Amino acid sequence: MEKKYILDTPENKVFMEKLRDDLLNFGHQFPSPEGASYYLGDDGTPWKDRNRETWITCRMTHVYSIGSLLGHAGSGALVDAALGGLKGILRDAQNGGWYAGVTPEGDIVPGKQCYAHAFVILAASSALLAGRDGAKSLLGEALEAFDRYFWDEERGLTFDTWNTEFTELEDYRGINANMHTVEAFLAVADATGDLKYRARAGRIIDRVITWAADNGDRIPEHFTKDWEPDLDCNRDKPDDQFKPYGATPGHGIEWARLITQWACASCDEAAAAKYIDMAQRLYCRAVSDGWNADGAPGIVYTTDWEGKPVVHDRMHWTLAEAINTSAVLYRITGNGQYADDYAMFLQYLDEKVLDHKNGSWFHQLDQNNRLLGTVWPGKSDIYHALQATLIPYSKVEVSIAAAVKQRMM
């Protein structure tokens, strides 16, 4: 095993810093003239024939806010451009909240998504930490909209999707939006000191842990309006971009990290230990189900409820979260298996997932680790990949932008 893959070696730190800088350099062409983010192609040039999505714009605001804190040249102007999109073309001045996106012709993409609104909160929190003009007011507006339309105080979970006018709520409920809400709530708590949002994150986490424990440590993804698991959702469309059928090992891994972060920030030692134990169960189940499940390295996209692969494709974001969580669990437990996993994931990244020609990471590979673009063509953004270069060397209990700011002070 090369030293550059081994956590805490000087060689690994250099390797991760190079990956970080390459990613930040790769994403510079994302802003459209109105600020909304273009979807990036394989070489980082904009695909102007695709919708400019709010969630992508938010992710790029977030990562270049981190870039600004790191001193990456040009980051501040990129953040300000993206903020212009979030305060302008993507914002619904009539009905409130944010559109899902805008089309290449400038028309709105209908509907109001919890997923996108959670990312507005994350983006504004990171931009606030980076000291960008307008970030504070954007965050206030985002929290107000989220509290009004997406937070279900009675259940301690989120609604998922409204129509554009916020007059009709879809029956579907989903865990993916709740996961990114936890991420956003932890970020806003760290950015503002408002611990109400950390408490809300804990309420979501408690529900997810219960559902996972009742389901073999595989997290149900899709639910009815009454929060009954819909385990057959999209059985006929198993590779759906946002609502795939079955269990998603990458989400089990990502939840494990968020649970650990929340527990370390919110609980006493005894209580935190119980949550960290569950985080380890989720991680180990996901890696056991997903890694090398079909005889080739990589983590499969989805499995059925017995752990058998359904969609064998490898998504870059799953690998990014595996890198993050293996490092985090090693920091917390000292268990060398997690450090071994981290090295294994980085070797796979270097050998299969890094685009050594064009930069960034390939977003989708098939089960033989050949480039595929059926779900994620091109390279939409650099959010998951950039975080994976930073989280392994950041404070476990602190959201990534706040952790980077603390490190740079």
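Refer to the structure above for everything that follows.
We now turn to the structure provided with this report. (Residues numbered from 1 in each chain as written. Predicted model: local features only at pLDDT ≥ 70, side-chain atom pairs only at ≥ 80, totals over all residues. Heavy atoms only, no water.)

**A few points about the overall build of the protein**
Tallying secondary structure elements over the protein gives 13 helices and 14 strands in all. For 409 residues, the compact-globule estimate of 2.2 N^0.38 gives 22 Å, and the C-alpha radius of gyration of the protein, at 20 Å, lies within 12% of that figure. Each principal axis of the C-alpha atoms in the protein carries an extent, and together these give about 55 × 45 × 45 Å. Sorting the 409 residues of the protein into buried and exposed places 61% on the buried side. (Helix = DSSP H or I, 4+ residues; strand = E, 2+ residues; numbered from the N terminus. Rg over C-alpha atoms; globule rule 2.2 N^0.38 Å. Buried < 20%, exposed > 50% of the residue type's maximum accessible area, 1.4 Å probe, protein only.)

**Overview of the sheet that holds strand 14 (residues 364-365)**
The strand order across the open sheet built from three strands is 12-13-14, with neighbouring strands paired in antiparallel fashion. Among the strands making up the open sheet, the edge pair consists of strand 12 (300-303) and strand 14. Where strand 13 (residues 309-315) and strand 14 come together, two bridges link them in antiparallel fashion. Counterpart to Arg314 in the pairing with strand 14 is Leu365. (Pairing = 2+ DSSP bridges.)

**Details of the packing of aromatic side chains**
Throughout the structure, instances matching the rule amount to 22 aromatic pairs. Look at Phe223 and Trp227: their rings are 5.0 Å apart centre to centre, the planes differ by 50 degrees, and that puts the pair in the tilted class. The same class applies to Phe223 and to Trp227, which are both buried. One aromatic cluster is present, formed by Phe146, Tyr149, Phe150, Trp151, Trp162, Phe166, Phe185 and Tyr197 through successive ring pairs. Positioned over the ring face of Tyr39 is Arg50, at 4.0 Å from the centre of the ring. (Phe/Tyr/Trp six-rings, centres within 6.5 Å; stacked < 30°, edge-to-face > 60°. Lys NZ or Arg CZ within 6 Å of the ring centre and 35° of its normal.)

**Details of the sheet that holds strand 5 (residues 108-109)**
What the three strands build is an open sheet, ordered 3-4-5; its pairing is antiparallel. The open sheet is flanked by strand 3 (52-53) and strand 5, the only strands paired with a single partner. Looking at chain direction, strand 3 and strand 4 (residues 101-102) are connected through two bridges and run antiparallel. Its bridge partner being in strand 4, Arg52 is matched across the sheet by Val102.

**Observations concerning the pairing of strand 13**
Of all seven residues in strand 13, five are buried; the element is thus mostly enclosed. Looking at chain direction, strand 12 and strand 13 are connected through three bridges and run antiparallel. Residue Thr302 lies in a different strand from strand 13, and its bridge partner there is Val311. In this structure, the hairpin formed by strand 12 and strand 13 is closed by a connection of five residues, where Gly307 is found at a positive phi of approximately 90 degrees.

**Section: the environment of His117**
If you trace the backbone, His117 turns up in helix 4 (residues 114-129). Remark: the alpha-carbon pair of His117 and Thr54, spanning 63 residues in sequence, is separated by 8.4 Å. In this structure His117 touches Gly97, Trp98, Lys112, Phe146, Phe150 and Phe166, once residues within four positions along its chain are discounted. (Contact = heavy atoms within 4.5 Å.)

**Some points on the nonpolar core**
Ranked by internal contacts, the top residues of the largest apolar core, which has 132 residues, are Tyr64, Ile121, Trp255, Ile323, Phe345, Leu349 and Trp361. In terms of residue count, the dominant contributor to this core is helix 4 (11 residues). (Core = buried A, V, L, I, M, F, W, Y, C linked by side-chain atoms within 4.5 Å.)

**Remarks on helix 8 (residues 249-266)**
With 18 residues, helix 8 extends 26 Å from end C-alpha to end C-alpha; this agrees with the ideal 26 Å at 1.5 Å per step. Burial analysis of helix 8 places 15 of its 18 residues in the buried class, which makes it a mostly covered element. (Expected span 1.5 Å × (residues − 1).)

**Observations regarding the environment of Asp190**
Note on placement: Asp190 falls in helix 6 (residues 175-192). Between the C-alpha atom of Asp190 and that of Trp55, which follows or precedes it by 135 residues, the distance is 21 Å. Excluding residues within four positions of it along the chain, Asp190 makes contact with Arg198, Gln261, Glu397, Val398, Ser399 and Ala402. A distance of 2.8 Å separates a polar atom in the side chain of Asp190 from the backbone nitrogen of Ser399. (Polar contact = N/O pair within 3.5 Å; in protein donor to acceptor, adjacent residues only side chain to side chain.)

**Here's the deal with unusual backbone geometry**
Its identity as a non-glycine residue notwithstanding, Asn292 has a phi of 55 degrees, on the positive side. Position of Asn292 relative to the elements: it lies in the loop between helix 9 (269-290) and strand 12. Of note in this structure, Ser360 is not a glycine but carries a positive phi near 65 degrees. For Ser360, a relative accessible area of 7% corresponds to the buried category.

**A few points about the environment of Lys352**
Mapped onto the secondary structure, Lys352 falls in helix 11 (residues 336-353). Between the C-alpha atoms of Lys352 and Trp262, which are 90 residues apart in sequence, the distance is 32 Å. With sequence-adjacent residues up to four places away left out, Lys352 is seen in contact with Phe362, Leu365 and Asn369.

**Some remarks on the pattern of salt bridges**
Counting across every chain of the model gives 23 salt bridges. Residues Asp381 and Arg59 are paired through a salt bridge, measuring 3.3 Å at the closest nitrogen-oxygen approach. With Asp381 in the loop between strand 14 and helix 12 (383-388) and Arg59 in helix 2 (residues 54-70), this residue pair connects regions lying 322 residues apart in the sequence. Take Asp381 and Arg59: they sit in the same class, and that class is buried. (Salt bridge = Lys/Arg side-chain N within 4 Å of Asp/Glu carboxyl O.)

**Some remarks on the packing of helix 1 (residues 10-26) against helix 2**
Contact geometry for helix 1 and helix 2: axes closest at 11 Å, N-to-C directions at 120 degrees. In this view, helix 1 runs oblique relative to helix 2, as classed from their interaxial angle. You can see that helix 1 and helix 2 cross each other, and the crossing is left-handed. Judged by residue contacts, Arg20, Leu23 and Leu24 of helix 1 engage Val63, Tyr64, Gly67 and Leu70 from helix 2. Counted by class, the contact of helix 1 with helix 2 contains five nonpolar, one polar and one charged residues. (Axes fitted to C-alpha atoms, helices over the stretch in contact; angles between N-to-C directions. Parallel < 35°, antiparallel > 145°, perpendicular 65-115°, else oblique. Left-handed = near helix turned anticlockwise from the far one by under 90°. Nonpolar A, V, L, I, M, F, W, Y, C, P; charged D, E, K, R; others polar.)

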